[in-house]
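Descriptive analysis of the structure
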Amino acid sequence: MLDIRLIRENPDLVRDALKKRQADTEIVDKILTLDENRREILGEVEKLKAERNAVSKEIGRMKDAESRQEKIAAMRTVGDQIKSLDDDLRDVDAELTSTMATLPNIPSDATPYGVDESENVVIKTVGKIPEFDFNPQAHWDLGPALDIIDFERGVKMTGSRFYVLSGAGARLQRALIAYMLDLHIKQGYTEKYTPFMVKKETVYGAGQLPKFADNLYKDHEEDLYMVPTAEVPLTGYHAGEILEDADLPKAYTAYTPCFRREKMSAGRDVRGIKRGHQFDKVEMYMFVKPEDSDAAFEKMMADAEETVALLGLPYRILQLCTGDLGFGATMTYDIEVWAAGCNEWLEVSSVSNVTDFQARRANIRYKPEGSKKNKFVHTLNGSGMGLPRVLIAVMENYQQEDGSIIIPEVLRPWMGGVKVIK
RNA sequence: GGAGGGAUGGCCGAGUGGACGAAGGCGCCUGUCUUGAAAACAGGUUAGGUGCAAGCCUACGAGGGUUCGAAUCCCUCUCCCUCCGCCA
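Every residue gets a number counted from 1 within its own chain, in the order that chain's sequence is written. Chains and ligands are labelled by the order in which they are written, letters from A for the one and numbers from 1 for the other. In keeping with the predicted nature of the model, local features appear solely for residues at pLDDT of at least 70, side-chain atom pairs appear and are counted solely at 80 or more, and the whole-chain, interface and lining totals rest on all residues. Side-chain numbers come from the whole structure's heavy atoms, not from hydrogens or water.

1. Description of the overall build of chain A
- Helical segments are the DSSP runs of H or I of at least four residues, strand segments are the runs of E of at least two, and each set is numbered from the N terminus. Scanning chain A from N- to C-terminus turns up 12 helices and 18 strands.
- Seen along its three principal axes, the alpha-carbon backbone of chain A occupies a region of about 100 × 45 × 45 Å.
- Looking at chain A as a whole, 49% of its 422 residues are labelled buried.
- Any two residues whose heavy atoms approach within 4.5 Å are treated as being in contact. When contacts within chain A are restricted to residue pairs at least 6 apart in sequence, long-range pairs at least 24 apart make up 73% of them.
- By element, 48% of the accessible surface of chain A is carried by carbon and sulfur atoms, the whole surface being about 20,600 Å².
- Taken as two groups, the 56 positive and 69 negative side-chain charges of chain A have centres that lie 4 Å from each other. Burial classification: accessible surface area is computed with a 1.4 Å probe over protein chains only, and a residue below 20% of its type maximum counts as buried, one above 50% as exposed, and the rest as partly exposed. Per-residue accessibility takes into account occlusion by the displayed protein chains alone, with areas from the Shrake-Rupley method and a 1.4 Å probe. This count recognises Lys and Arg as positive and Asp and Glu as negative, with His and chain-terminal groups excluded. Every charge is mapped onto a representative atom, which is NZ of Lys, CZ of Arg, CG of Asp or CD of Glu.

Rendered as structure tokens:
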């Protein structure tokens, strides 16, 4: 959610932001009209309410029955007017809010302009793309051969794009989760275990609703949503709260499964375990003072990078351009790892500075030291990281000619002595 | 799933139709006193909207209703607690 004042006072800034995102700008005019309309009605109804309040107090003190009745009758009319204006106000308010809710955040000046993902900027590439003296296999061949990924049974039980990890495969994923959480704790994050199902308001607060309604799984009986990312419960964690200046920044990490309905046709992009409807992810999340969010962004980015670097995987960092930026983000870096069998870069992490966009929706503020006025915090989120794709990269990059997979050194503490999956 | 009880400011808690944004206490802040602190005393201490401002409006779990007027009466919902049932 953007600040209505910003839109009111600086509509061109907002229009410009929408253009950079390749989005239509007429929504701005709609908002301006609704806002003007709202304030006009508000002024009117508040004047009437002030009158009613004053006269009602008078009535309470009046002794003379006749003039008292007169006042009561007069106020009955005013009451009707108020009711009708209040109805109008509610309608305009609701429309204004729902329209505002569809407006994306304003890209940072540091975000490069671009039309779509083809214009994202590669910031750096680290590590060498491994070379094999044999033909490296993709995980969808390696996995079933080692009996660590079972596609058929996943499909049998649930449907396409579901799978079962088995034996050392399941354990390897669990090792990755434990490795990531323990590393993030060392980096200064506090671990949270959150609900995996949340209320509509919680999803809305994180900015996933209304825009991504079609991509969410929902329990209609209880009106609960399955989380599409831990970002949702971690944003909701402090929703409606006023945080203490001294308690900031707050840095959290959480492991959750993520559930996404997104319907995509079968093909290269969804092959194997690249893009299931259910996947695991470890997330980093921060609540910071506005003046600290740039530095927090750099830290989170460094933390994400360390996570992939310690695994010994070749990776590259991309800065998203304005046309590819997520709905709530002002600036985003993606980390992609090289997958030797798929022969492509896979996105495993996305780190974003959301500024006050989620905080405004979820109403998360803090009391600045020595100031009376509460301010919205800035929030940042970053994956650290998406499990299936890291699993793919480990499997494919650490494979050997006989189809076995060497376990990276950093994961061995959680592998119970297993050094090679064969 | 059934029965009952409850929800008021940072916390405790009073308030059953009229000067109540809300008594009292605790906590916190400021001042007086003090070398300093404590104590005592005095004052202050919710958030949002709107307006150039003075101010005005809104909010006592949420939403609706009754009324000239609602923390207070009525309806619906949500959450919490106790007991029964069921259950990892």
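2. Notes on the nonpolar core
- Remark: nonpolar core denotes a set of buried residues (Ala, Val, Leu, Ile, Met, Phe, Trp, Tyr, Cys) joined through side-chain atoms within 4.5 Å. In terms of nonpolar packing, the biggest core is built from 57 residues, with Ile335 and Val390 touching the most fellow members.
- With 8 residues, the single largest contributor to this core is helix H7 (residues 168–186).
- Every residue in contact with valine 390, bar those within four places of it in the chain, is listed here: Leu176, Met180, Leu311, Leu313, Val348 and Met385.
- Counting 30 residues, the second largest nonpolar core, distinct from the first, contains Met1, Ile7, Val28 and Leu89.

3. So, the pattern of salt bridges
- Salt bridge, as used here, is a side-chain nitrogen of Lys or Arg placed within 4 Å of a carboxyl oxygen of Asp or Glu. What the rule picks out here adds up to 23 salt bridges.
- Its salt-bridge partner being aspartate 35, residue arginine 8 comes within 2.6 Å of it at the nearest N-O pair. In this pair, arginine 8 sits in helix H1 (residues 4–9) while aspartate 35 sits in helix H3 (residues 26–61), placing the two residues 27 residues apart along the sequence.
- You can call arginine 8 partly exposed: its relative accessible area is 27%.
- For aspartate 35, a relative accessible area of 2% puts it in the buried group.
- In this structure, the salt-bridge partner of glutamate 344 is lysine 274, at a minimum N-O distance of 2.5 Å. Linking glutamate 344 in strand S13 (residues 344–355) with lysine 274 in the loop between strand S9 (250–259) and strand S10 (278–288), this pair joins segments that are 70 residues apart in sequence. The same class applies to glutamate 344 as to lysine 274, namely buried.
- Connected through shared salt-bridge partners, Asp3, Asp356 and Arg360 make up one network.

4. Examining H7
- With 19 residues, H7 extends 26 Å between its outermost C-alpha atoms, agreeing within 8% with the 27 Å of an ideal straight helix rising 1.5 Å per residue.
- Among all positions of H7, only Gly169, Leu172, Gln173, Ala175, Leu176, Ile177, Ala178, Tyr179, Met180, Leu181, Leu183 and His184 are buried.
- Looking at the residues trailing H7, positive phi occurs at glycine 188, about 110°. For a helix, the expected span equals 1.5 Å multiplied by the residue count minus one.

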